[in-house]
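Spelled out, the chains give:
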Amino acid sequence: LARRYEVIAVVSKTWRKAPTHRTMLALLLALEPTALLLPTPMSGRRAVGVSSSPSRSSRVTALDRRQAVTSAAAAAAAATLGVSTAAIADGKPKVVVFGGSGYVGAYASRLLLGKGAQVVSVSRKTPAEQADKVKAILGAPLAGVEYVQLDASTGDLSGVLGGAAAVISCIGIAPGGANMRDGNGLVNVKIAAASKLAAVPKFVYLGLASELASSPIKFVFGDYVKGKAEAEAAVGKDYPSALVLKPGIIAGGPPGEVRPPGPPGMAPVAVEDVARAAVAGALGNAAGTVDGNTAIAAAAAK
């Protein structure tokens, strides 16, 4: 009780200074210190709903009613304020990076970890294959990433998106690859729709620079350009406040991967700059459309 009065005293001082957090604070005041945790047996006392008698072993273990109510209230407050319950629980926002073992995805994952985020990398590759590819790209292993094997074009994304604070989609088929249109368009349409359904607050998508889309590449790799455009349109519809990065040619590439050159005169953008700009969007520090290499480099420098 004394601890609760101390919390009330602190909150009362900031109540008028932080009106956007009043709903959350009001709900948190009703919580016991362990309200968001499952019941734990206390000394000399049985856990709620757990029977010591074999004849009652079929009884379903349940949360204390107050704990259930307060946990639900906290979840509702989190949804109202646009944050994930996972972020409330441990202070680490969960960011799901589709294509996290790719070129930009690997750099973005490393930056996110450095900023204290919980990073989940999604790819069709196995976790071991993802870890090996990231190591090859960065030159060193990247500890702390949760690698998930999942085909985003056909799989159920609800599980991996649960509790996420942001999504970064780096998924796409390189020019000249198989199924360029759906591999760039339809798959990202699905990712954006699934993220919206899962109530993920932030979304970042890597599109294609207008300068490049209107160049002769549209005649050579038409399906690639169309797929990117379809994805950008879907993201804009589902996430009006999304960050859409539209790079042209990105300098370098994963070891062993050969990428087609850009148009004459187009200076490539550093992969670190693209990753830095993407992370800013995932953490809520940037939104809108950033079109072209020069604009991305400028955004990364902020």
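K.L.:
Could you clarify how one ought to interpret the pattern of salt bridges in this entry?
P.N.:
Pairing is possible between side chains of opposite charge, provided their charged atoms come close. What the rule picks out here adds up to 5 salt bridges. Salt-bridge contacts for Asp238 lead to Lys196; the nearest nitrogen and oxygen are separated by 3.9 Å. Placement of the pair is Asp238 in helix α12 (residues 222–238) and Lys196 in helix α9 (residues 186–197), with a sequence separation of 42 residues. With relative accessibility at 18%, the residue Asp238 sits in the buried group.

K.L.:
What am I meant to see in the packing of helix α5 (residues 103–114) against helix α13 (residues 271–282) here?
P.N.:
To describe two helices that pack against each other, one gives the angle between their axes and the distance between the axes. Taken N-terminus to C-terminus, the directions of α5 and α13 make an angle of 55°; their axes are 8 Å apart at the nearest point. Compared by their axis directions, α5 and α13 come out oblique. Of the two elements, α5 crosses α13, and the hand of that crossing is right-handed. Contacts between α5 and α13 involve Tyr103, Val104, Tyr107, Ala108, Leu111 and Leu112 from the first element and Val271, Glu272, Val274, Ala275, Arg276 and Val279 from the second. When the residues that make up the contact of α5 with α13 are grouped by side-chain class, the tally is 10 nonpolar, no polar and 2 charged.

K.L.:
It is not clear to me how the packing of aromatic side chains should be interpreted in this structure. Could you clarify?
P.N.:
Given two aromatic rings, their pairing is described by the distance between the two centres and the angle made by the two planes. Per the stated rule, a full pass over the model turns up 2 aromatic pairs. Relative to Tyr107, the ring of Tyr103 lies with its centre 6.0 Å away and its plane at 85°, an arrangement referred to as edge-to-face. With Tyr103 and Tyr107 both in helix α5 and 4 residues apart, this pair spans about one turn of that helix. Taking the relative accessible area as the measure of exposure, Tyr103 reaches 10% and is therefore buried. Between Phe203 and Tyr239, the aromatic rings sit 5.1 Å apart at their centres with planes inclined by 25°, giving stacked as the arrangement. On the criterion of sequence distance, the pair formed by Phe203 in strand β5 (residues 202–206) and Tyr239 in the loop between α12 and β6 (243–246) is long-range, its members being 36 residues apart. Judged by its relative accessible area of 6%, Tyr239 falls in the buried class.

K.L.:
Would you take a moment to explain the sheet that holds strand β3 (residues 146–149) for this structure?
P.N.:
In sheet architecture, strand pairing relies on hydrogen bonds along the backbone and comes in two forms, parallel and antiparallel. As summarised here, the arrangement of the 7 strands in space is β3-β2-β1-β4-β5-β6-β7, forming an open sheet in which the pairing is parallel. Edge positions in the sheet fall to β3 and β7 (288–291), since each has one partner strand and no second. The average angle at which neighbouring strand axes cross in this sheet is 15°, direction not considered. Sheet analysis places strand β1 (residues 94–98) next to strand β2 (residues 118–123), joined by 5 bridges and oriented parallel. Paired with Lys94 across the two strands is Gln118, which belongs to β2. Strand contacts of helix α6 (residues 127–138): β2 and β3, with the helix running at about 125° to β3, the strand carrying the most contacts. Where α12 meets the sheet, it contacts β5 and β6, and its direction lies at approximately 165° from that of β5.

K.L.:
I'm lost on the nonpolar core in this one. Help?
P.N.:
Within soluble globular proteins, side chains that are nonpolar tend to cluster in buried spots. The biggest cluster of nonpolar side chains holds 33 residues, and the ones touching the most others in it are Val95, Leu112, Ile168 and Leu245. The element that contributes the greatest number of residues to this core is α13, accounting for 7 residues. What Ile168 contacts, discounting residues up to four positions off in sequence, is Val95, Val96, Val97, Phe98, Leu112, Val204, Ala278, Val279 and Ala282. Ile171, Val187, Ile191 and Tyr205 belong to the second largest nonpolar core, which has 24 residues in total.

K.L.:
Could you clarify how one ought to interpret the packing of α9 against α12 in this entry?
P.N.:
Running from N to C, α9 and α12 cross one another at 10°; their axes reach a closest spacing of 8 Å. Compared by their axis directions, α9 and α12 come out roughly parallel. Facing Asn188, Val189, Ala192, Ala193 and Lys196 of α9, the residues of α12 in contact are Glu230, Ala231, Ala234, Val235 and Asp238. By residue class, the composition of the contact of α9 with α12 is 6 nonpolar, 1 polar and 3 charged.

K.L.:
Sorry if this is basic, but what is going on with unusual backbone geometry here?
P.N.:
For residues besides glycine, phi is generally negative; the peptide bonds are generally trans as well. In this structure, Asn179 is a non-glycine residue whose phi angle is positive, near 55°. A relative accessible area of 52% places Asn179 in the exposed class. Even without glycine at this site, Ala199 takes up a positive phi of about 60°.

K.L.:
Looking at this structure, I do not really get the pairing of β6. What am I missing?
P.N.:
It is a general feature of regular strands that their side chains alternate between the two faces of the sheet. Along β6, one buried face is formed by Leu243 and Leu245 and the opposite face, lined by Val244 and Lys246, is buried too. Bridge analysis of β5 against β6 gives 3 bridges, and the strand direction is parallel. When the bridges of β6 are listed, Leu206 appears paired with Leu245. At this point the chain moves from β6, through α13, to the parallel β7, and the crossover so formed is left-handed.

About the thresholds
- Residues numbered from 1 in each chain as written.
- Predicted model: local features only at pLDDT ≥ 70, side-chain atom pairs only at ≥ 80, totals over all residues.
- Heavy atoms only, no water.
- Salt bridge = Lys/Arg side-chain N within 4 Å of Asp/Glu carboxyl O.
- Helix = DSSP H or I, 4+ residues; strand = E, 2+ residues; numbered from the N terminus.
- Buried < 20%, exposed > 50% of the residue type's maximum accessible area, 1.4 Å probe, protein only.
- Axes fitted to C-alpha atoms, helices over the stretch in contact; angles between N-to-C directions.
- Parallel < 35°, antiparallel > 145°, perpendicular 65-115°, else oblique.
- Left-handed = near helix turned anticlockwise from the far one by under 90°.
- Contact = heavy atoms within 4.5 Å.
- Nonpolar A, V, L, I, M, F, W, Y, C, P; charged D, E, K, R; others polar.
- Phe/Tyr/Trp six-rings, centres within 6.5 Å; stacked < 30°, edge-to-face > 60°.
- Pairing = 2+ DSSP bridges.
- Core = buried A, V, L, I, M, F, W, Y, C linked by side-chain atoms within 4.5 Å.
- Right-handed = clockwise from strand over helix to strand, strands pointing away.

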